[in-house]
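Residue-level structural notes
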Amino acid sequence: MPEIALITGATAGIGEACARLFAAQNYHLILTGRRTERPERLSAELSSVCNIKIQILTLDVRNKAEVEEKLQGLSPEWKEVNVLINNAGLSQGLDPIHEGNTDDWDTMIDTNVKGLLYVTKVVSNWMVNRKHGHIVNLGSIAGKETYANGNVYCATKHAVDSLNKAMRIDLLPYGIKVTGIHPGAVETEFSEVRFKGDTERAQKVYEGFDPLVAEDIAETIWFCVSRPPHVNINDLVIMPKAQAGAYYWNKVES
Ligand code: NDP
Ligand code: 8X3
């Protein structure tokens, strides 16, 4: 059986780009997300051009029971996951702390931190048993810096940064690689989700600016995953050329 990659949040953006790139590298894929139609379409498309197998697991990473049931329900050969890409995540709102929506806070913490942990708990056990595997965690520049009104989203990504380090230490005896990828602005559905469907506001984020695209991140992840067995990329911050940090955006006025 060729190598297997499990990608959370493969229904859009960076996760979908990873699915395409890993399929092109002949990985069998386990694609997860809450939406069903998109991964089915993606699966049909990839299966028609690549000689790979694809499993779609429709799940909400916030739902611990569902995560465990769906992952443990995979047949033994599918549990031989070589690469786990913990990508599912989101931001909700951009408000000062005293005006924040506590439901949004719950959603971000439950998805970006607890969801990542639920998936990792199951899959890392499979990797520990086989003494083999690579976990890639999607952090963010928001996990390296804190910006105005980003409070809880930044806190969740700082948590991912910390968990990335913790996983590397705990899984060291088992030869499991752990890599943190921390992008700046990537034009995906991220801003539309952050602003709850306000497309105009979302588009303004990238106006006059040349952001990263999902494929840039997928290629970077592939670079990390395809290093020789003795090499691990611990942590990687990747920005658009036009962005020097959370606050420094080189925008061209139109
Ligand atoms: P998108 O909104 O385009 O994609 C997010 C993906 O996460 C979707 O596939 C979505 O699937 C999935 N997802 C969200 N919530 C859940 C959930 N509860 N259960 C399962 N899947 C879920 O955003 P990006 O591709 O940009 O984001 C991917 C990751 O990259 C996130 O962790 C994000 O924080 C991080 N990131 C993004 C940056 C950016 O500027 N875009 C920069 C830095 C980091 P579905 O809705 O079907 O469940
Ligand atoms: C997404 C990038 O700068 O909007 O994590 O927080 S940013």
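The coordinates are above.
Now for a description of the structure that goes with this document. Worth saying up front: this structure is predicted, and the values here are computed from it rather than measured.

**Quick notes on helix α2 (residues 37-49)**
Its 13 residues give α2 an end-to-end C-alpha distance of 19 Å, which sits within 8% of 18 Å, the value for a rise of 1.5 Å per residue. Along α2, the residues that are buried comprise P39, L42, S43 and L46. Down the axis of α2, the sector holding all buried residues measures 105°, keeping them to one side. Facing away from the buried side of α2 by more than 90 degrees, the exposed set consists of E37, R41 and S48. Among the structural elements, α1 (13-24), β2 (28-33) and β3 (54-58) are those in contact with the buried residues of α2.

**With respect to the state of the cysteines**
Applying the stated rule across the entire model yields zero disulfides. The closest cysteine sulfur to the non-disulfide-bonded C50 is located on C18, 15 Å from its own sulfur.

**So, the environment of D103**
Relative to the helices and strands, D103 resides in helix α4 (residues 102-130). Placed 96 residues apart in sequence, D103 and T199 show a C-alpha to C-alpha distance of 21 Å.

**Observations regarding the site of ligand 2**
Taken together, S140, I141, A142, Y147, Y153, F190 and R194 form the complete shell of residues around ligand 2. Here an oxygen atom of ligand 2 sits 2.5 Å away from a polar atom, N or O, in the side chain of Y147. In this structure, Y153 approaches ligand 2 through a side-chain N or O atom, which is 2.6 Å from an oxygen atom. For ligand 2, whose accessible area on its own is 240 Å², the fraction buried by protein is 86%. Most atoms of ligand 2, that is more than half of them, are within 2 Å of grid points of the largest pocket.

Definitions and limits used
Residues numbered from 1 in each chain as written. Chains lettered and ligands numbered in written order. Predicted model: local features only at pLDDT ≥ 70, side-chain atom pairs only at ≥ 80, totals over all residues. Heavy atoms only, no water. Helix = DSSP H or I, 4+ residues; strand = E, 2+ residues; numbered from the N terminus. Expected span 1.5 Å × (residues − 1). Buried < 20%, exposed > 50% of the residue type's maximum accessible area, 1.4 Å probe, protein only. Arc of directions from axis to C-beta. Contact = heavy atoms within 4.5 Å. Disulfide = S-S within 2.5 Å. Near = heavy atom within 4 Å. Polar contact = N/O pair within 3.5 Å; in protein donor to acceptor, adjacent residues only side chain to side chain. Areas by Shrake-Rupley, 256 points an atom, 1.4 Å probe, with all protein chains shown as cover. 1 Å grid on protein atoms, 1.4 Å probe; cavity = no way out; pocket = protein on both sides within 12 Å on 5 of 7 lines; lining within 4 Å. Sits in = over half its atoms within 2 Å of the grid points.

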